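Below, each chain spelled out in residue letters.
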Amino acid sequence: MDRRKFLGVTGAGALGLTTGCASAGTGRAEARDLAPAVIPNRSPEVLVIGAGVFGMFAAHYLRDMGVDAMVVDQHGPANLRATSGAETRGVRSSYASREHHPIWMRWAVQSIEAWKEWDARYTRDRAPLFVTTGNILLREEMSPYLERCAEQWDALGTEYEWLDPDEVKYRFPMLDNSRYPLALWEPGAGVVRARAAVQSAAEQFRRNGGHFVTAKVTPDNVQGGRLTGVTTDSGEVLTADTYVFACGPWLPKVLPEVMGNRLRARTMGYVVYFGTPPGDHRFQWPNCPSFGAPGGTGWPAVPPDYVGFRARSGGASSPDPDTSSRHVPLESVERQREWVAGLFPALADQPVLGTRACHYESSIDGNFIIDVHPGWENAWIVGGGSAEAFKQGPTLGSYIANRIIGRDIDPEATEGFRLNEEEFEQRDPPGEPDGPDPLDPYHP
Ligand SMILES: Cc1cc2nc3c(=O)[nH]c(=O)nc-3n(C[C@H](O)[C@H](O)[C@H](O)COP(=O)(O)OP(=O)(O)OC[C@H]3O[C@@H](n4cnc5c(N)ncnc54)[C@H](O)[C@@H]3O)c2cc1C
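Residues numbered from 1 in each chain as written. Predicted model: local features only at pLDDT ≥ 70, side-chain atom pairs only at ≥ 80, totals over all residues.

Per the secondary structure count, the protein chain includes 12 helices and 22 strands. Expressed as a percentage of its 444 residues, the buried residues of the protein chain come to 52%. The contacts of the protein chain with a sequence gap of at least 6 include a subset with a gap of at least 24, amounting to 75%. (Helix = DSSP H or I, 4+ residues; strand = E, 2+ residues; numbered from the N terminus. Buried ≥ 20, exposed ≤ 12 C-beta atoms within 10 Å, placed from the backbone. Contact = placed C-beta atoms within 7 Å.)

Rendered as structure tokens:
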């Protein structure tokens, strides 16, 4: 790492101004009657707030580059409230619906390789995080979206195939494609075990000497256009030279002035895991593909635990990720069952093995946000995954870490993922509460 450059960019030249992780600075502990957070008595160069996929992978790569980084999260890496705290996430590159789709698709293709490299490097003695399933996009007719996907894959040299209906039936006999004459096949796509992946990044971060704090923090110490500390709910002030806000759907709560009207976090997504018939391998990896059809996305049961056949749809509206119920209503489960059964008739009567509900964190334009806070020169905002960031974990983390130390390794992404100046009014999604997410026009 070019440390001199890093110090210049982050303002860490002002190291002498930081005071370390002072404890009980505000007297809040008594007022709120909370146990104090356990904090190493040190002031890191970079404090990452949020241990989801954005924060944890950024922290890992920062540490890997020799940066003294610390992570604070109110619950822990990929906790069950976090959007990254899911069993599995899909990893495909068919993103021609996004405004900056050339970057999205390039990054997703790169990420597929990065997940495999991660497994080769860090999980060799355990079950891999990434499994290749391929992804089949089923549609009634040709669309500019499908054409753009193919064009972009041609430009990237990514393998894909148009499959005619008979070929789909031949390759995937468990799939009823009778309503969808068009099929676009991406053989390299797959599924990553999401919670395990974030925890793997956390493990590497720890092994490299990275520190964690479990606390909820508020950025309330500002001086001269710089953030000078964040305060935990039990009253300690954490200081650092540079702060990275990676708070997922909490960003509007944590940074209300900047993110209050720049991130939609009220819509929830519902994931349902259906059982697969015992002893029937048709709906398990590697026999069944990941799929996307009008109404949702899904994938087969994957090793090592074959947790179930996964389907997702948009969910209800809830304003606050701290208090929202993570219960998926029965009507939504049954709606998903109907949708799954339309594509995979043999699953119609399978039991529900589990459900997950989490908040989407959609930016105004559906692009990621990776930018410096407009009012605090030493604070970064990273997030706005817009329903699709998980797959980009290692690529995002490495890019963000490089930006923080002053290296712009992808100027196209830097331009594309700026904080949008436009604001919108927070509102509940119109239309049906638990159909496909009506506020997410980016999801094909
Ligand atoms: C239903 C659903 C399905 C999805 N499917 C896919 C998919 O198939 N493929 C894909 O690539 N993506 C998918 N996504 C999107 C992807 O999961 C998200 O974009 C990504 O996980 C967001 O990560 P994050 O790090 O921004 O946020 P999070 O994972 O939510 O992490 C934010 C962290 O910040 C912490 N935090 C918040 N406030 C504070 C505070 N004040 N103090 C301390 N800590 C704080 C939280 O505890 C949390 O751990 C899906 C999303 C949903 C909702």
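After that view, the rundown keeps rolling.
What follows concerns the site of the ligand. Inspection of the region around the ligand gives 38 residues, with G50, G52, G248, G269 and G385 positioned closest. Those elements giving two or more residues to the shell around the ligand turn out to be helix 3 (53-64), strand 2 (69-73), strand 3 (88-91) and strand 15 (267-274). Broken down by element, the shell around the ligand gets its largest block of residues, 3 residues, from helix 3. In the shell around the ligand, the residues fall into 18 nonpolar, 13 polar and 7 charged. Split by domain, the residues of the shell around the ligand number at least three in each of domain 1 (3-83 + 196-264 + 364-416) and domain 2 (133-191 + 265-360). (Near = placed C-beta within 6 Å. Nonpolar A, V, L, I, M, F, W, Y, C, P; charged D, E, K, R; others polar. Domains from an automatic or database assignment.)

Before going further, it helps to spend a moment on the nonpolar core. Counting residues in hydrophobic clusters, the biggest one holds 125 residues, and the most contacted among them are V48, I49, A58, V244, F245 and V382. Among the elements that line this core, the one with the most residues is helix 4 (residues 101-122), at 10 residues. Taken domain by domain, this core gets at least three of its residues from each of domain 1 (3-83 + 196-264 + 364-416) and domain 2 (133-191 + 265-360). The residues touching F245, leaving out its near neighbours within four places in the chain, are I49, G50, L251, V254, L255, A379, W380, I381 and V382. (Core = buried A, V, L, I, M, F, W, Y, C linked by C-beta atoms within 7 Å.)

Bringing the pairing of strand 1 (residues 46-49) into the picture now. A two-sided burial pattern is seen for strand 1, the buried positions comprising V46 and V48 on one face and L47 and I49 on the other. As defined by bridge partners, strand 1 adjoins strand 13 (residues 242-245) across 4 bridges and the pair is classed as parallel. Bridge pairing in strand 13 links I49 to F245. Crossover connection from strand 1 via helix 3 to parallel strand 2: handedness right-handed. (Pairing = 2+ DSSP bridges. Right-handed = clockwise from strand over helix to strand, strands pointing away.)

Moving on: the confidence of the model for the protein chain. Chain-level statistics for the protein chain give a pLDDT mean of 89 and a share of 88% at 70 or above. Contacts of residues 430-444 to residues separated by more than four positions or lying in other chains number 40 contacts, the stretch itself having pLDDT below 50. (pLDDT = per-residue confidence, 0-100.)

We now examine the sheet that holds strand 13. Consider a sheet: its strands pair through backbone hydrogen bonds, and that pairing is either parallel or antiparallel. In space, the 6 strands of this open sheet follow the order 9-2-1-13-22-21, with mixed pairing throughout. Looking at strand neighbours, the two that pair on one side only are strand 9 (211-214) and strand 21 (369-372), the edges of this open sheet. Strand-to-strand twist in this sheet, taken as the mean axis angle between neighbours without regard to direction, amounts to 20 degrees. Direction of pairing for strand 2 relative to strand 9: parallel, over a ladder of 4 bridges. Paired with V71 across the strands is F212, a residue of strand 9. (Axes fitted to C-alpha atoms, helices over the stretch in contact; angles between N-to-C directions.)

Read from one edge of the open sheet, 3 strands run 10-11-12, paired in antiparallel fashion. The open sheet has two edge strands with one neighbour each: strand 10 (217-223) and strand 12 (237-238). Inspection of the sheet shows strand 11 (residues 226-232) paired to strand 12 by 2 bridges, in the antiparallel sense. Residue pairing across strands places V230 opposite L238, the latter belonging to strand 12.

The next thing to look at is the environment of R179. You can see R179 is positioned in the loop between helix 6 (165-171) and strand 7 (182-186). For R179, a count of 12 C-beta atoms within 10 Å gives the class exposed. Distance from R179 to L138, taken between C-alpha atoms, is 8.9 Å for residues 41 residues apart in sequence.

Another aspect to go through is helix 3. For helix 3, spanning 12 residues, the distance from its first C-alpha to its last is 16 Å, which sits close to the expected 16 Å at 1.5 Å a residue. Among the 12 residues that make up helix 3, 11 are buried, leaving the element largely enclosed by the rest of the structure. For helix 3, the complete set of buried residues consists of V53, F54, G55, M56, F57, A58, A59, H60, Y61, L62 and R63. Positive phi shows up at G66, right after helix 3, with a value of about 95 degrees. (Expected span 1.5 Å × (residues − 1).)

Before going further, it helps to examine unusual backbone geometry. Cis peptide bonds are those with omega within 30 degrees of zero, and the linkage from W285 to P286 qualifies with 5 degrees. Take P286: it is sitting in the loop between strand 15 and strand 16 (290-293). Residues P303 and P304 are joined by a peptide bond in cis, for which omega reads 10 degrees. Notably, A78 is not glycine yet its phi reads approximately 55 degrees, a positive angle. With respect to the secondary-structure elements, A78 resides in the loop between strand 2 and strand 3. Although it is not a glycine, Y306 sits at a positive phi angle of roughly 45 degrees.

Bringing the packing of helix 3 against helix 11 (residues 393-404) into the picture now. Viewed as axis vectors pointing N to C, helix 3 and helix 11 meet at an angle of 60 degrees, and their least axial separation amounts to 7 Å. One element, helix 3, and the other, helix 11, form an angle in the oblique class. Between helix 3 and helix 11 lies a crossing whose hand is right-handed. Taken together, the residues of helix 11 that come into contact with helix 3 (itself represented by V53, F54, F57, A58, H60, Y61 and L62) are G393, P394, L396, G397, S398, I400, A401 and I404. Looking at side-chain class alone, the contact of helix 3 with helix 11 contains 11 nonpolar, 4 polar and no charged residues. (Parallel < 35°, antiparallel > 145°, perpendicular 65-115°, else oblique. Left-handed = near helix turned anticlockwise from the far one by under 90°.)

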